[in-house]
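# Geometric and topological summary
Residue strings, one per chain:
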Amino acid sequence: MTYKISEGGFYGEYGGAYIPEMLWRNIEELRTRYMDIIQDESFQRRFYSLLKDFAGRPTPLYFASRLSAQYGARIYLKREDLCHTGAHKINNTIGQILLAQKLGKTRIIAETGAGQHGVATATVCALMGMPCTVYMGKTDVERQQPNVARMKLLGAEVIPVTSGNATLKDATNEALRHWIAHPLDTHYIIGSVVGPHPFPDMVARFQSVISAEIRQQLTEKEGNPYPDYVVACVGGGSNAAGAFYHFLDDEHVQLIGVEAAGKGLQSGHAAATLALGKPGVLHGCKTLVMQTADGQITEPYSVSAGLDYPGVGPLHAHLFATGRAKFMSATDEEALRAGLEVSRTEGIIPALETAHAFAILPKLNLSKDDVVVINLSGRGDKDLQAYNQLI
Ligand SMILES: *Cc1c(COP(=O)(O)O)cnc(C)c1O
């Protein structure tokens, strides 16, 4: 069984590039050039130098002793919250802006949900002196004000999107529409392992630095590179893809993705695509999609804007179909409580997205020698308002 992308851009039956004619040139340019560019030695040198000196990598792998005592296992936290801008998103935006420069692009567009990807994109655009436009659902603009202010401060233009329920899916539609109208000078920095091939593979490769570091750090701390579990939350799936990547072929490492069950899996207010979705096409790729019986996209819901997406990366659809990874879900309530618990047990306030990953710890049936790595995808400063209702 392979979990890597095929020549044609598929993971099993999922992936591909289902795009309008007008987007074909852009995607074809990316598809034919991305591997040569990102595997080039000078690109790699520049990428890793920025990850180190600008983003602050390697991020620590922290042994969480109090959480470990509480759950009776050896729990490590991969501290992506300590990356510059506060989440794993910067790994991908550094990679993609270097790629955009190699392609001769002069303008950057992006979509954002919670605003973390928008901030990470605005940051690298400021770094490189490139103009930046970020599409963001109006609902998200309202619930994520601090990140909107950060993007503007960094010089980006933020365009509120009012279609649909004005969240991430709608912002992504609008960014794709803009790209179609400006194919020559613009690169679209997509924020997760979604979209038409080669985006899912490209973003997974940029994020795979997470699992490369975990292997090395676990070898130092535990004497071998293999944890028993790797746990990560799943919106589009980029932090999970990065944390799983270098373990995909090590079948004894259990990979666990955690989706947002919102107000309950069956409540009609959830964003757990692998649990609830059916095969379909969303934003240019075949994957699992939350939809009605006649194929209309269902509006997703989660308290966490970064998980509020009706699709999921095709890699995860494949990991789900093959059983290589197990997917669980946590409700708003469970995530908020888990985030509060981690704050008070370890002195780390996790992003609400990440809090979903912590919420499944009680359901894992851990034993004391189990080594668990939780990908702490981002910090929770942006979520204080939501946490406030608990204290
Ligand atoms: C954006 C975001 C996510 C969700 O995106 P993925 O592509 O699934 O990783 C999760 N955690 C944090 C902190 C985020 O900012």
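First, a word on what this report is: a plain description of the structure on this page. (Residues numbered from 1 in each chain as written. Predicted model: local features only at pLDDT ≥ 70, side-chain atom pairs only at ≥ 80, totals over all residues. Heavy atoms only, no water.)

## Quick word on unusual backbone geometry
Which entries qualify depends on this criterion: Strands here mean DSSP runs of E at least two residues long; helices mean DSSP runs of H or I at least four residues long; both are numbered from the N terminus. Burial here depends on accessible area, computed with a 1.4 Å probe over protein chains only, as a share of the maximum for the residue type. Under 20% is buried, over 50% is exposed, and the range in between is partly exposed.
Arg-57 connects to Pro-58 through a cis peptide bond whose omega is -5 degrees. With phi around 50 degrees, His-283 is a residue other than glycine that occupies positive phi space. Inspection of the secondary structure assignment puts His-283 in the loop between strand E11 (278-282) and strand E12 (285-289). Residues other than glycine seldom take positive phi values, yet Asn-365 does so here, at roughly 55 degrees. By the element assignment, Asn-365 lies in the loop between helix H15 (352-359) and strand E14 (371-375). A residue is classified by how much of its surface remains accessible, and Asn-365, at 72% relative accessible area, is exposed.

## Regarding the nonpolar core
Heads up, the condition is: Buried residues of nine kinds, namely Ala, Val, Leu, Ile, Met, Phe, Trp, Tyr and Cys, make up a nonpolar core once their side-chain atoms join them within 4.5 Å. Any two residues whose heavy atoms approach within 4.5 Å are treated as being in contact.
Membership of the largest hydrophobic core comes to 88 residues, with the highest contact counts inside it found for Ile-94, Leu-99, Trp-179 and Phe-244. Once residues within four sequence positions are removed from consideration, Ile-94 is found in contact with Phe-47, Leu-50, Leu-51, Phe-54, Ala-55 and Val-124. Judged by nonpolar contacts, the second largest core, of 29 residues, contains Leu-307, Met-328, Ile-348 and Leu-361.

## Quick notes on the sheet that holds E14
Filter applied, for reference: Each pair of strands is called paired provided DSSP finds at least two bridges between the two strands. All axes here are fitted lines through C-alpha atoms, helices being fitted over the stretch that makes contact, and every angle between N-to-C directions spans 0 to 180 degrees.
With mixed pairing, the 6 strands of this open sheet are ordered in space as E3-E4-E14-E9-E10-E13. Every interior strand has two partners, whereas the edge strands, strand E3 (61-63) and strand E13 (325-331), have only one. Geometrically, the sheet is characterised by an average inter-axis angle of 25 degrees between neighbouring strands, direction not taken into account. Against the sheet, helix H10 (residues 209-222) makes contact with E3, strand E4 (74-78) and E14, and its axis sits at roughly 140 degrees relative to E4, the strand it touches most. Across the sheet, H15 is in contact with E4, strand E9 (229-233), strand E10 (254-262), E13 and E14; its angle to E9 comes to roughly 145 degrees.

## A short note on the sheet that holds strand E8 (residues 186-188)
One open sheet accounts for 4 strands, arranged E7-E6-E5-E8; its pairing is parallel. Pairing within the sheet leaves two strands with one partner each, and these edge strands are strand E7 (157-161) and E8. Ignoring which end each strand starts from, the neighbouring axes of this sheet average 25 degrees apart. Bridge analysis of strand E5 (residues 107-112) against E8 gives 3 bridges, and the strand direction is parallel. In the strand pairing of E8, Ile-109 is matched with Tyr-188. Across the sheet, helix H4 (residues 89-102) touches E5 and E8, and the angle it forms with E8 is around 155 degrees.

## Structural notes on the site of the ligand
Where we set the bar: Whether a residue is near a molecule or strand is decided by its heavy atoms; if any one of them lies within 4 Å of it, the residue is near. Any pair of N or O atoms that falls within 3.5 Å is considered a polar contact. Within protein, one atom must be able to donate a hydrogen and the other to accept it, and sequence-neighbouring residues count only if both atoms are side-chain atoms. Note that accessible areas follow from Shrake-Rupley with a 1.4 Å probe, and for residues the cover is restricted to the protein chains shown. Asp, Glu, Lys and Arg are counted as charged, while Ala, Val, Leu, Ile, Met, Phe, Trp, Tyr, Cys and Pro are counted as nonpolar; the rest, among them Gly, fall into the polar class.
Within the structure, the ligand sits among 17 residues, and Lys-89, Ser-192, Gly-235, Gly-237 and Ser-238 are positioned closest to it. Gly-236 is positioned such that a nitrogen or oxygen atom in its backbone is 3.2 Å from an oxygen atom of the ligand. With respect to the ligand, the side chain of Ser-377 contributes an N or O atom lying 2.8 Å from a nitrogen atom. If the ligand stood free it would expose 380 Å²; the protein chains cover 96% of that surface. Looking at the shell around the ligand residue by residue, the classes come out as 4 nonpolar, 11 polar and 2 charged.

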